[in-house]
Amino acid sequence: MQIEKKDIRSLSKEQLRDFFVSQGDQSFRGNQVYEWLWSKGAHHFDDMTNVSKETRSMLETHFVINHIKVDTMQRSADGTVKNAVRLHDGLVVESVLIPTNTRTTACVSSQVGCSLDCNFCATARLKRMRNLEPGEIYDQVIAIDKESRLYYNHPLSNIVFMGMGEPLMNYNNVLKSIAMITSEEGLGMSPKRITVSTSGVPKMIKKLADDEVKFKLAVSLHSAIDEIRSKIMPFSANFPLAELRESLEYWYRKTKSKITYEYVVWKGINDNQESIDALVKFCKYVPCKVNLIEYNPIDDGEFQQASEESVNAYLKALNANGIVAKVRRSRGKDIDAACGQLANKEA
């Protein structure tokens, strides 16, 4: 019976060093291999050119590298790039490169499908098939960094965990991937350039604060009225806004880091004065800013983009109350790469 090989990237540097010692080799080999896996992004043992053939063969006997493969890449008219990323088990996730004049941002996935059930999001309709491993998240970033250098002549500058999945439902793997992205042994990126976006799981937001993370937090709010929010995002009926508010106050007390609220205005759902007033009130609890997001329809259902007037009414009310707010226009709509559209149509 063939023994299933372990993914070598699940080992820490110390475990790799110990493995080499157990094979009668020197521990520094572990350092070499670790550097190839993370800093140099090797996807095959044969890539490790300063490691002997015998050692590479021995690694091949014991381990695999469960790397990703960019299956298809689409470029939007606005410069956005969408990758359909094939995983080692044949499943597919999507990640997006969003360029502006001054920076490039990677929008990465954390799950295959999603644990949650937001009605307006195409990804949520896929249901969660599995969590991504830290190496699979890291690989998405490496692939987009290469594309950023190729198409825009500069390295990736920002990362948002706003692709497929709810990052806080894959907590450990997301934090491990960020640890490697920010490590000098990985990409050495500043955690201040990373934003983790959650639909709002209070217990996990508090855990982030307790773990003293240095990255930024964004919350998909979409309504500050419980009844409306639970219709848009049914799972949120289990996490009332009072509970979410308490977890965000806890986050701010611990981290002193401002929160970003992601907020879509829909026609006939939250495009009314009551909703505007509720959002203004909610924003006063914790220092924050608001991104009013243009909606990207996924079908001809109940969710339709609100009028420009309705969005401007939000903008005016928030600004009048000293709350920083801006309208975020969607990118990559022509290739289904915009917020809420990631659904593996190519898979």
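Colleague: Would you take a moment to explain the overall build of the chain for this structure?
Modeller: A count of helices and strands for the chain gives ten helices and 14 strands. Taking all contacts inside the chain whose residues are at least 6 apart in sequence as the whole, residues at least 24 apart take part in 64%. Surface accessibility of the chain: about 16000 Å² in total, with carbon and sulfur atoms responsible for 48%.

Colleague: Before we go on, may I ask you to explain the packing of aromatic side chains in this structure?
Modeller: Within a pair of aromatic rings, the relevant descriptors are the distance that separates the centres and the angle that separates the planes. The final tally for this structure, using the stated rule, is eleven aromatic pairs. Ring plane angle 55 degrees and centroid distance 6.5 Å describe the contact between Tyr-34 and Trp-38, whose orientation is recorded as tilted. You can call Tyr-34 buried: its relative accessible area is 10%. Seen in terms of ring centroids, Trp-38 and Tyr-138 are 5.0 Å apart; in terms of plane orientation they differ by 80 degrees. Their pairing is edge-to-face. Of the two residues, Trp-38 sits in the loop between helix 2 (28–37) and helix 3 (53–62) while Tyr-138 sits in helix 4 (residues 134–152), which places them 100 residues apart along the sequence. Looking at Tyr-138, the relative accessible area reads 0%, which means it is buried. A network of ring pairs unites the aromatic residues Phe-19, Phe-20 and Phe-63 as a single cluster.

Colleague: What is the right way to read the confidence of the model for the chain from this model?
Modeller: Regions with low pLDDT carry predicted coordinates that are not meant to be interpreted in detail. Residues with a pLDDT of 70 or more make up 89% of the chain, whose mean pLDDT is 90. Note on residues 340–347: pLDDT under 50 across the span, and 33 contacts to partners over four residues away in sequence or across chains.

Colleague: Would you take a moment to explain the side chain of Glu-136 for this structure?
Modeller: Relative to the elements of secondary structure, Glu-136 occurs in helix 4. Reaching out from Glu-136, the side chain makes a polar contact with the backbone nitrogen of Glu-133 at a distance of 2.8 Å. Those residues in contact with Glu-136 that lie beyond four places of it in its chain are Arg-9, Asn-66, Ile-68, Leu-87, His-88, Arg-130 and Asn-131.

Colleague: So what exactly am I meant to see when it comes to the sheet that holds strand 9 (residues 158–161) here?
Modeller: Across a sheet, strands are paired by hydrogen bonds formed along the backbone, either parallel or antiparallel in direction. Strand order in the open sheet formed by ten strands is 3-4-5-6-9-10-11-12-13-14, and the pairing between neighbours is mixed. One side of each edge strand has no neighbouring strand; the edge strands of this open sheet are strand 3 (69–75) and strand 14 (324–328). With strand direction ignored, the average angle separating the axes of adjacent strands in the sheet is 20 degrees. As paired strands, strand 6 (residues 104–107) and strand 9 are joined by three bridges and run parallel to one another. Considered in strand 9, the bridge of Ala-106 is made with Ile-159. Lying on the sheet, helix 9 (residues 273–283) is in contact with strand 12 (259–264) and strand 13 (288–293); it crosses strand 12 at an angle near 170 degrees.

Colleague: Help me out: how do you make sense of a positive patch on the surface in this one?
Modeller: A contiguous patch of positive charge, built from Arg-103, Lys-192, Arg-193, Lys-214, Lys-216, Lys-258, Lys-289 and Lys-326, is present on the exposed surface. Here Lys-192 is to be found in the loop between helix 5 (171–182) and strand 10 (194–198).

Colleague: What is the right way to look at the packing of helix 9 against helix 10 (residues 308–320) in this model?
Modeller: Working note: a packed helix pair is described by the angle between its axes plus the distance between those axes. Two numbers describe how helix 9 lies on helix 10: the axes approach to 10 Å, and their chain directions differ by 35 degrees. In this structure, helix 9 crosses over helix 10, and the sense of that crossing is right-handed. Side by side, helix 9 and helix 10 meet where Ser-275, Ile-276, Leu-279, Val-280 and Cys-283 of the first sit next to Ala-313, Tyr-314, Ala-317 and Leu-318 of the second.

Colleague: For this particular structure, what's the right way to read the environment of Lys-5?
Modeller: Residue position: Lys-5 is located in the segment before strand 1 (6–7). The sequence separation of Lys-5 and Phe-63 amounts to 58 residues, and the corresponding C-alpha distance is 4.9 Å. Each residue touching Lys-5, except ones within four places of it in the same chain, is listed here: Glu-60, Thr-61, His-62, Phe-63 and Val-64. For Lys-5, the side chain forms a polar contact with the main-chain oxygen of Glu-60, separated by 2.7 Å.

Colleague: What am I meant to see in the nonpolar core here?
Modeller: Proteins that are soluble and globular tend to have nonpolar side chains buried together. Judged by nonpolar contacts, the single largest core of 97 residues is most densely connected at Met-48, Ile-159, Leu-248, Tyr-261 and Val-290. Excluding anything up to four places from it in sequence, Tyr-261 contacts Val-219, Leu-221, Leu-248, Phe-282, Cys-283, Cys-288, Lys-289, Val-290 and Asn-291.

Colleague: Can you walk me through the pattern of salt bridges in this structure?
Modeller: Where side chains of opposite charge bring their charged atoms close, a pairing between them can arise. Evaluated as defined, the whole model comprises 15 salt bridges. The salt bridge involving Asp-71 is made with Lys-69; its shortest N-O contact spans 3.3 Å. Where Asp-71 meets Arg-86, a salt bridge forms, and the shortest distance between an N and an O atom there is 2.7 Å. Of this pair, Asp-71 sits in strand 3 while Arg-86 sits in strand 4 (residues 81–86), placing them 15 residues apart in sequence. A relative accessible area of 31% means that Asp-71 is categorised as partly exposed. Arg-86 sits in the partly exposed class, given a relative accessible area of 28%.

Colleague: Looking at this model, I keep getting lost on helix 9. Mind explaining?
Modeller: An α-helical segment advances 3.6 residues per turn. Residues three or four places apart therefore align on the same side. Regarding helix 9, the residues found buried are Ser-275, Ile-276, Ala-278, Leu-279, Val-280, Phe-282 and Cys-283. The secondary structure elements touched by the buried residues of helix 9 are helix 7 (226–232), helix 8 (241–255), strand 12, strand 13 and helix 10.

Colleague: Honestly, helix 5 in this entry has me stumped. Any pointers?
Modeller: Its twelve residues place the ends of helix 5 16 Å apart at the C-alpha level, agreeing with the 16 Å of an ideal helix rising 1.5 Å per residue. When we look at burial in helix 5, the residues that qualify are Tyr-171, Asn-173, Val-174, Leu-175, Ser-177, Ile-178, Met-180 and Ile-181. Taken together, the buried residues of helix 5 touch helix 2, strand 8 (130–131), helix 4, strand 9, strand 10 and helix 6 (202–210).

About the cut-offs
Residue numbers run consecutively from 1 along every chain, following the written order of its sequence. A pLDDT threshold of at least 70 governs which residues receive local features in this predicted model, and a stricter bar of 80 or more applies before side-chain atom pairs are shown or counted, although totals over entire chains, interfaces and linings include all residues. Water and hydrogen atoms play no part in the side-chain values, which are based on all heavy atoms of the structure. The secondary structure listing takes helices from DSSP runs of H or I that are at least 4 residues long and strands from runs of E that are at least 2 residues long, numbered from the N terminus. The contact definition used throughout considers only heavy atoms, calling two residues in contact when any of these lie within 4.5 Å. Here, Shrake-Rupley sampling with a 1.4 Å probe gives the accessible areas, and only protein chains in the shown set may cover a residue. Any Phe, Tyr or Trp ring, taking Trp's six-membered ring, that has another such ring centre within 6.5 Å forms a pair; planes under 30 degrees apart are called stacked, those over 60 apart edge-to-face, and the others tilted. Note on classification: 1.4 Å probe, protein chains only; a residue is buried when its accessible area is under 20% of the maximum for its type, exposed when over 50%, partly exposed between these limits. The predictor reports its confidence for every residue as pLDDT, a score running from 0 up to 100. Nitrogen and oxygen atoms within 3.5 Å of one another constitute a polar contact, given that in protein one can donate a hydrogen and the other can accept it, and given that sequence-neighbouring residues count only through two side-chain atoms. The pairing criterion is simple: DSSP has to find at least two bridges between the two strands. Working convention: axes come from line fits to C-alpha atoms, limited for helices to the stretch in contact. Angles between N-to-C directions cover 0 to 180 degrees. Patch construction takes residues with relative accessible area above 30% that form no salt bridge. Like charges are linked within 9 Å, and nonpolar side chains (Val, Leu, Ile, Met, Phe, Trp, Tyr) are linked within 5 Å. By convention in these notes, a salt bridge is any Lys or Arg side-chain nitrogen within 4 Å of a carboxyl oxygen on Asp or Glu. Only four residue types enter the tally: Lys and Arg on the positive side, Asp and Glu on the negative side; His and the chain ends are excluded. One atom stands in for each charge, and that atom is NZ of Lys, CZ of Arg, CG of Asp or CD of Glu. Handedness of a crossing is defined here by the sense of rotation of the near helix relative to the far one, left-handed for an anticlockwise turn of less than a right angle and right-handed for a clockwise turn. Residues belong to one nonpolar core when they are buried, are Ala, Val, Leu, Ile, Met, Phe, Trp, Tyr or Cys, and are joined through side-chain atoms within 4.5 Å. The span expected for a helix works out to 1.5 Å for each residue beyond the first.

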